Amino acid sequence: MTWLDKLERRFGFLGIPGLIRIVIGFTLLVYLLVYLNHGFELFLGLDPVLIRRGQVWRLVTYIFLPQSLSPLWLLLALWFLWFIGEGLERAWGAFRLTLYFVVGMIGTTVAAFFFGSNFSNGMLISSLFFAFARFYPDEVIYVLFILPVKIKWLAWVFAAFLLVGFVLGTNSYRAALVAAFANYFIFFGPEIIHMARHRKDVSTRRKRFEMASRAADDALHRCAVCGATELTDPNLDFRVARDGEEYCMAHLPKAGTPAN
């Protein structure tokens, strides 16, 4: 039984069914409030300074901030979030998805407080996307409703951008990036390490097998005429003629007869 199984048996009642649908509902509500009162979003963001001053609601409300104020892009983003959330809840169940989401919130908060990175809810949603790609790598979506692309290729492209940022960024950015994706590393890290070790073991066994196969096929004696070896016929005797070639007794050149 894994640690997740143990946690689910003990605290499974804390799982929130339809969590992502709830997040989407509050995001739409916040969008409406921002639309009616520009500047309202300034009271919801993940700002460590203001949180230390007592605005603790920001520890939660930042996850409802819309990524775009464009109605079209907002609807597309929320549809994609709903698509990811439904898939993860099918694969994990309510408790594990809730735990993954909460750990992601904690990681994002740590990144903001200790490393000064303003990731907001972008990295949290990204961690959901990468988790979805682990479960449904061959799921096809249509970019702009036209171009069919498998989820795993989108994940690899996005991961490449993150890797560039990790390599070129500052140490604080690197640490913040790791903290923001703590949920992904905690949930999938052991599996990734196990798969890497398994591939290495399989590769090692394959090389050993190939070496053993080659060793078994390497005959000590081979007739220069018919190609017979002691492996193809254990009863054959072989001799080396004056020309330096090895022959089976049936094709050994007679004394004084040049070999063809």
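Quick caveat, the model's predicted, so the values are computed rather than measured.

Scanning the protein for helices and strands turns up ten helices and four strands. Written out in order from the N terminus, the α and β elements of the protein read α-α-α-α-α-α-α-β-β-α-α-α-β-β. Counting the 260 residues in the protein, one finds 33% classified as buried. Taking all contacts inside the protein whose residues are at least 6 apart in sequence as the whole, residues at least 24 apart take part in 61%. As displayed, the protein offers around 16,700 Å² of accessible surface, 65% of which is attributable to carbon and sulfur atoms.

A separate point is the pattern of salt bridges. Enumeration according to the criterion identifies six salt bridges in this entry. The salt bridge partner of Arg 96 is Asp 5, with a shortest N-O separation of 2.3 Å. Of this pair, Arg 96 sits in helix H6 (residues 94–115) while Asp 5 is found in helix H1 (residues 3–11), placing the two residues 91 residues apart along the sequence. On the basis of relative accessibility, which here comes to 27%, the residue Asp 5 falls in the partly exposed class. Between Glu 191 and Arg 134 there is a salt bridge, and its shortest N-O distance comes to 3.1 Å.

As a further point, take the side chain of Asn 183. Note that Asn 183 resides in helix H10 (residues 182–217). In this structure Asn 183 comes out as buried when scored by relative accessible area, which is 0%. Beyond its immediate chain neighbours, meaning those up to four positions away, Asn 183 contacts Tyr 100, Val 103, Gly 104 and Ser 127.

The next thing to look at is the pairing of strand E2 (residues 147–150). Strand direction decides the pairing type here: strand E1 (residues 140–143) and E2, joined by four bridges, are antiparallel. Paired with Tyr 142 across the strands is Pro 148, a residue of E2. Counting the residues in the hairpin turn of E1 and E2 gives three residues, including Leu 144, whose phi is positive at 55 degrees.

Moving on, we get to the confidence of the model for the protein. The predicted model of the protein averages 84 in pLDDT, with 88% of residues at 70 or higher. In the model of the protein, H10 stands out as the element of lowest mean pLDDT, 71, in contrast to helix H2 (residues 19–36), which has the highest, 93.

Now for the side chain of Glu 89. As for its placement among the helices and strands, Glu 89 is situated in helix H5 (residues 71–92). Of the side chains with opposite charge, Arg 21 lies nearest to the buried Glu 89, which makes no salt bridge, at 4.8 Å. Apart from residues lying up to four places away in sequence, Glu 89 is in contact with Pro 17, Gly 18, Leu 19, Ala 94 and Leu 97.

All right, on to H5 then. With 22 residues, H5 should cover 32 Å at 1.5 Å per step; its first-to-last C-alpha distance of 31 Å lies within 8% of that length. With its phi angle positive at about 95 degrees, Gly 93 sits one or two positions after the end of H5.

What counts as what
- Residues numbered from 1 in each chain as written.
- Predicted model: local features only at pLDDT ≥ 70, side-chain atom pairs only at ≥ 80, totals over all residues.
- Heavy atoms only, no water.
- Helix = DSSP H or I, 4+ residues; strand = E, 2+ residues; numbered from the N terminus.
- Buried < 20%, exposed > 50% of the residue type's maximum accessible area, 1.4 Å probe, protein only.
- Contact = heavy atoms within 4.5 Å.
- Areas by Shrake-Rupley, 256 points an atom, 1.4 Å probe, with all protein chains shown as cover.
- Salt bridge = Lys/Arg side-chain N within 4 Å of Asp/Glu carboxyl O.
- Pairing = 2+ DSSP bridges.
- pLDDT = per-residue confidence, 0-100.
- Lys, Arg positive; Asp, Glu negative; His and termini not counted.
- Expected span 1.5 Å × (residues − 1).

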